[in-house]
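Listed below, chain by chain, are the residues.
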Amino acid sequence: MHTFSNHPIGLLPMEQNYDPTKPTIAEFFAGRDIFVTGGTGFMGKVLIEKLLRSCSELNNIYILIREKKQKSIQERIQEMQQLPLFDKLREERPELLNKMVPVQGDVSLLGLGLSQEDIEKMRNVSVIFHVAASVRFDDPLKTAILLNTRGTRELVQFAEQLPSLRVLMHVSSTYSNPDRYVIEEEVYPAYADWRDTIRIAETFDEQTLDVLAPKYMGFLPNTYVFTKSLAEQIVNEHKDRLPMILFRPSIVISSMKDPIPGWMDNFNGPVGLLVGCGIGICRTMYCDPNNIADFTPVDVCIKAMIVAAWKRGTEPVHSTPSQDLPIYNCCISNLRNSTMSQIVEMGRTLSDEIPLDKCIWAPGGGITQIRIHNLIRVLLYHILPAILIDGIFRLMGQKPFLAKLQRKIYTANVALEYFILNNWDFKNGNFIKLASEIKPEDNKDFYYRDFIEFDVTLYFRNCILGARRYLLKEKDENIPRALTHLKRMKLLDKICKTIIVAVFLYIILIQFDMLGIILYIISYKPSYALDVDCK
């Protein structure tokens, strides 16, 4: 088992440093109205579930949500409540689900798209979690600005109308300043003026902005990090007028244990890599195998968010000096780390233990630092097999999908190249210290530093099980059948490789008449003895 038991220097367990006069976290949230943007996203759902379960005396959680795919906001909330994530709440305290109040709106619209009636309904909101963002790296610049940057401005303007506001947490990203390789818990100089940027997005059409984007963004790799960095500037400028927090998670993936191990609703980060390898469609990756795979379990992140909100909310409203904006780099890669090669090796081991029902080829492949080698692998291991298998699907009367999927995987890998070819040193002293400030009564529900010593292999085993259950909708009882299927795929893989080698040898030895040359070389015997006799 791959375990970590040594604490990094300077990050040893700290003594509790709590204020006994402060209320507990549950007491602070009791009776409060909370407003959450991005509540239907991965982090938002886990945040809402945790608040309801561990701070059950809160009043209401207003969730900004828009109609989607012909579903009303109420239908979307009810659909969310049926997720396995909410199983514990449905079984133990189903009445708490009534505290989830949908509010129609859209972060990308002016005024958040809120009606006057809803604004009045939320007048008593005292805690805001601004989680909403587009996390797509390939969004058009106009779309990313309106959602990630202008949306933050609109939220701040809404917050300024709330007389009882105690906390406004803006969720950013540790990668919002990616041109720096040491990221402190501070705000860095702006890459552009956020006011001008919003005005440009409101003025010009999408195509024009896309032409200007590479020049306007400078050396930043995509529209996501550019617009998130500008949003941080908005937060920083309002720190002396509102009780703000800047919270920067790294790559957030499956839950470690709360409320259930392995909960996940997307293929981001190492989990996507493990699933892709387990299915057999990802067989090569272009990156440094010694690079650190940066990830944070979602429940660790959510607990820290709630603790940070409690800490800020229990301070006097204007106690924080204007130059001090509470900033937390929520990451754990400097506390325990796994390299890309270790993740791949774990994937190989776990694929034999927990195979996937949807496996279409035997897991295999690896990492390379040579770009041309990776391109050859993509062609041989991704594109050509995809075309072949799609052809078989067509003959069977089924819809082909693999070539299209491989194009998406290749595009995603290209978008991630900047991040998987570089390493960052995220300083997280404020994030670590936060855990020492909670009261002993809160340790059970909100202490989050148990990730320093944990079994990484067991964690990723739960990630794979979670991916089977919640992403691929596969049942645990099908694992024995999947093991049998995996054995067949491995046998097929060996047969295909044998055929390919045989064909290759045939072409070389027969078609190029190499066999006779080789036999001649083997049978040739120099006549050294005859030369001696002649002498």
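Everything discussed here concerns the structure shown above.
Let us look at the structure shown here. (Residues numbered from 1 in each chain as written. Predicted model: local features only at pLDDT ≥ 70, side-chain atom pairs only at ≥ 80, totals over all residues. Heavy atoms only, no water.)

All right, on to the overall build of the protein chain then. Tallying secondary structure elements over the protein chain gives 20 helices and 13 strands in all. The principal-axis extents of the C-alpha atoms in the protein chain amount to approximately 110 × 55 × 50 Å. Residues classed as buried in the protein chain amount to 51% of the 535 residues present. With an accessible surface of roughly 25,800 Å², the protein chain has 57% of that area assigned to carbon and sulfur atoms. Measuring between centres, the 62 positive side-chain charges of the protein chain sit 4 Å from its 62 negative side-chain charges. (Helix = DSSP H or I, 4+ residues; strand = E, 2+ residues; numbered from the N terminus. Buried < 20%, exposed > 50% of the residue type's maximum accessible area, 1.4 Å probe, protein only. Areas by Shrake-Rupley, 256 points an atom, 1.4 Å probe, with all protein chains shown as cover. Lys, Arg positive; Asp, Glu negative; His and termini not counted. Charge placed at Lys NZ, Arg CZ, Asp CG, Glu CD.)

Let's shift gears to the side chain of threonine 284. Locating threonine 284 in the fold gives a position in strand β9 (residues 284-286). Take threonine 284: its relative accessible area is 7%, and that puts it in the buried class. For threonine 284, the contacting residues outside a window of four places in its chain are Gly366, Thr368, Asn374, Arg377, Val378 and His382. (Contact = heavy atoms within 4.5 Å.)

A cluster of basic residues, Lys399, Lys404, Arg407 and Lys408, forms a positive patch at the surface. Along the chain, the position of arginine 407 falls in helix α14 (residues 402-420). (Patch = residues over 30% accessible without salt bridge, like charges linked within 9 Å, V, L, I, M, F, W, Y side chains within 5 Å. Salt bridge = Lys/Arg side-chain N within 4 Å of Asp/Glu carboxyl O.)

Turning our attention to the sheet that holds strand β5 (residues 167-171). Overall, parallel pairing links the seven strands, which are arranged β3-β2-β1-β4-β5-β7-β11 in an open sheet. Single-partner strands in this sheet number two, and they are β3 (100-104) and β11 (327-330). Ignoring which end each strand starts from, the neighbouring axes of this sheet average 20° apart. Where strand β1 (residues 33-37) lies against strand β4 (residues 125-130), five bridges are found, and the strand directions are parallel. Looking across to β4, one finds that valine 36 is bridged to phenylalanine 129. Sitting on the sheet, helix α3 (residues 73-81) touches β2 (60-65) and β3, and the angle it makes with β3 is about 145°. Across the face of the sheet, helix α6 (residues 141-159) comes into contact with β1, β4, β5 and β7 (244-249) while running at roughly 175° to β4. (Pairing = 2+ DSSP bridges. Axes fitted to C-alpha atoms, helices over the stretch in contact; angles between N-to-C directions.)

So yeah, pure geometry; function would need other evidence.
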